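An overview of the molecular structure
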Amino acid sequence: MGRIFETVWGVWALAALALGGLGAALVVAVTPGLERRRHVARTVARAIFRVTRTPVVVEGIENLPAGPCIVCANHASYVDGVLMQAVLPPRFAFVVKKEASRVPFVGLLLRRIGTEFVARFNAREGAADTARLVRHSGGGNSMCVFPEGTFHPERGLRRFRMGAFYAATRGNLAVVPTAITGTREMLPAGRLLPRRSALRVKFSPPLVSTTRGRDAAHALADAVRERIILDCGEDCAQQLD
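Everything quoted here is computed from the prediction, not taken from an experiment. (Residues numbered from 1 in each chain as written. Predicted model: local features only at pLDDT ≥ 70, side-chain atom pairs only at ≥ 80, totals over all residues. Heavy atoms only, no water.)

All chains considered together, the criterion is met by zero disulfides. For the unlinked cysteine Cys72, the closest cysteine sulfur is that of Cys144, found at 8.1 Å. With relative accessibility at 0%, the residue Cys72 sits in the buried group. (Disulfide = S-S within 2.5 Å. Buried < 20%, exposed > 50% of the residue type's maximum accessible area, 1.4 Å probe, protein only.)

Mean pLDDT over the protein chain: 87, with 87% of residues reaching 70 or higher. Of all secondary-structure elements in the protein chain, the lowest mean pLDDT belongs to helix α5 (residues 123-138), at 60, while strand β7 (residues 199-203) reaches the highest, 97. Below a pLDDT of 50 lies the segment residues 237-241, which in the model reaches 15 contacts outside its immediate sequence neighbourhood of four places, other chains included. (pLDDT = per-residue confidence, 0-100. Helix = DSSP H or I, 4+ residues; strand = E, 2+ residues; numbered from the N terminus. Contact = heavy atoms within 4.5 Å.)

Turning our attention to the packing of helix α6 (residues 163-171) against helix α8 (residues 214-232). Packing of α6 against α8 leaves a shortest axis separation of 9 Å and a crossing angle of 115°. α8 is crossed by α6, and the crossing has right-handed handedness. Together, Phe165, Tyr166, Ala168 and Thr169 of α6 and Arg214, Ala216, Ala217, His218, Leu220, Ala221 and Val224 of α8 make up the contact between the two elements. Broken down by class, the residue content of the contact of α6 with α8 amounts to eight nonpolar, two polar and one charged. (Axes fitted to C-alpha atoms, helices over the stretch in contact; angles between N-to-C directions. Left-handed = near helix turned anticlockwise from the far one by under 90°. Nonpolar A, V, L, I, M, F, W, Y, C, P; charged D, E, K, R; others polar.)

Taken in spatial order, the seven strands make up an open sheet running β1-β7-β6-β2-β5-β3-β4, and their pairing is mixed. Each edge of the open sheet carries a strand with a single partner, namely β1 (56-59) and β4 (116-118). Between one strand axis and the next, the sheet turns through 20° on average, direction left out of account. Relative to β7, β1 runs parallel, the two sharing four bridges. Among the inter-strand pairings, Val58 is bridged to a residue of β7, identified as Val201. The strands touched by α8 within the sheet are β2 (69-73), β6 (174-181) and β7, with β6 carrying the most contacts at an inclination of about 30°. (Pairing = 2+ DSSP bridges.)

Here it is in structure tokens:
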């Protein structure tokens, strides 16, 4: 009986994710104004968790600075983006791998809510993307970044990509280490149907680098990574390639 319930819930949750994403894409396609479109996306993301009765606990939301900042979170599942869309204020833009821009409807939705797309494998494009993130943050914008760049079924944090940290040190921006738990259990890489799982997002106090340059950016990334490791509950202190 438990297996049947798990399968039925998984089908329902997958349908909610797919239909919610499709509906959000269609609505934001015709909605004027970036802020309004982000409100639509946030409302739909929250509705997905409500209709699937997925418990979502948010801790430390008061640690988000009132001004521009960068939220850096661990990445374990496709659910991470929906979850962060649901819990973050609409002033945040998401930084997403460039391949996502080519996914039907998903790419449309992401573009219409002001997502910044970055290259993962091309060094020249990566440098240009970093410069663009610096300009974006310098304009008073806040960003949400998954610095691992992708996710895998195995537990543990992958190596961080440095673009967000270069942007933070050059722009003197606060970085908020953010730990997501539960999404890997819900929908890990390679799994089709979600499994019911409680989700948690914990925002730690922001970190700010007082210096600039490569060494400062790497020190900031290490500090953020250590904080996330302490909070994510995966016992993953080792660095994975």
